[in-house]
Amino acid sequence: MIKVAPSLLSADFLELRRSIDLAVKAGADYLHYDVMDGNFVPNISFGQGILKAVAGYGALPVDAHLMVDRPERYIEDFAKAGARIITVHAEATCHLQRALSQIRALGCLAGVSLNPATSPECLRYVLGDFDLALVMTVNPGFGGQKMLPRAVEKIGEIRRMLESAGVQAMIQVDGGVSLSTAGAMVAQGADVLVAGSAFYGSDDPAAFVQGLKALG
Ligand code: DX5
Ligand code: ZN
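Residues numbered from 1 in each chain as written. Chains lettered and ligands numbered in written order. Predicted model: local features only at pLDDT ≥ 70, side-chain atom pairs only at ≥ 80, totals over all residues. Heavy atoms only, no water.

J.: Looking at this structure, I do not really get the coordination of the zinc ion (ligand 2). What am I missing?
T.: Metal coordination angles have textbook ideals: 109.5 degrees for a tetrahedral set of four donors and 90 or 180 degrees for an octahedral set of six. Only His 32 (NE2), Asp 34 (OD), His 65 (ND1) and Asp 174 (OD) from the protein coordinate the zinc ion (ligand 2), and they sit 2.0 to 2.3 Å from it. One can describe the donor arrangement at the zinc ion (ligand 2) as octahedral, given that its 6 donor atoms subtend angles of 71 to 169° at the metal. Sequence spacing among the residues donating to the zinc ion (ligand 2) works out to H-x1-D-x30-H-x108-D. Placement of the pair is His 32 in strand E2 (residues 31-36) and Asp 174 in strand E7 (residues 170-174), with a sequence separation of 142 residues. For the pair formed by His 32 and Asp 174, the shared burial category is buried. (Donors = N, O, S within 2.8 Å, 3.2 Å for Na, K, Ca; no water. Tetrahedral: all angles 85-135°; square planar, octahedral: opposite > 155°, others 65-115°. Helix = DSSP H or I, 4+ residues; strand = E, 2+ residues; numbered from the N terminus. Buried < 20%, exposed > 50% of the residue type's maximum accessible area, 1.4 Å probe, protein only.)

In structure tokens, the structure reads:
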């Protein structure tokens, strides 16, 4: 069963409630919330205050993607603000295992994200410590970029690594997801698709979500 997570980075910030309602009506499963610090990535987005309002609205579970250096400094804030999933970048912390256990200890699902150039091998020694692996198929920092095909191969490598270790985890894909790119991602074993510009730019978001789910 494919799950879909519209990214609020492409929402109408003046009409956030309407953008959230749109995701619910379209049949989405999560709200993807991109936190950018202007350091780990060049862009700055929004933080825990707005996440608290979004999570408090209670429409869908919030999936917080922290594109932040040394994310361990903020994990507790995002957990308290109401995130259901907290994903940190493997490249952003030298204590990945500790960050993942910190997330679980706060009652959230723990995610680990890999930039396009990062090897899936960095997951090997934290297998069992995360609930979700996030494969970035663009260099993080901006919505609306073109998907990098080489990064898609990594989805299958991670799926095989999980299977041979007998470990359960979701594989989420983020970056350039559309009805034309998602088929290859699902074929490689993706089960959660993040879509920002393709979802909020769609004339028929419900058909878009159904189209993605039908790939599974
Ligand atoms: C990029 C973010 C994405 C972004 C995806 O750094 O992590 O979640 O919103 O946007 P699209 O779907 O437009 O590539
Ligand atoms: Zn994201």
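There's more to say after this.
J.: For this particular structure, what's the right way to read the environment of Leu 51?
T.: Position of Leu 51 relative to the elements: it lies in helix H2 (residues 48-57). Among the residues examined, Leu 51 registers a relative accessible area of 0% and is labelled buried. For the pair Leu 51 and Ala 64, spaced 13 residues apart in the sequence, the C-alpha separation amounts to 8.4 Å. Contacts of Leu 51, omitting those with residues within four sequence positions, involve Tyr 33, Val 62, Ala 64, Phe 78, Ala 81, Gly 82 and Ala 83. (Contact = heavy atoms within 4.5 Å.)

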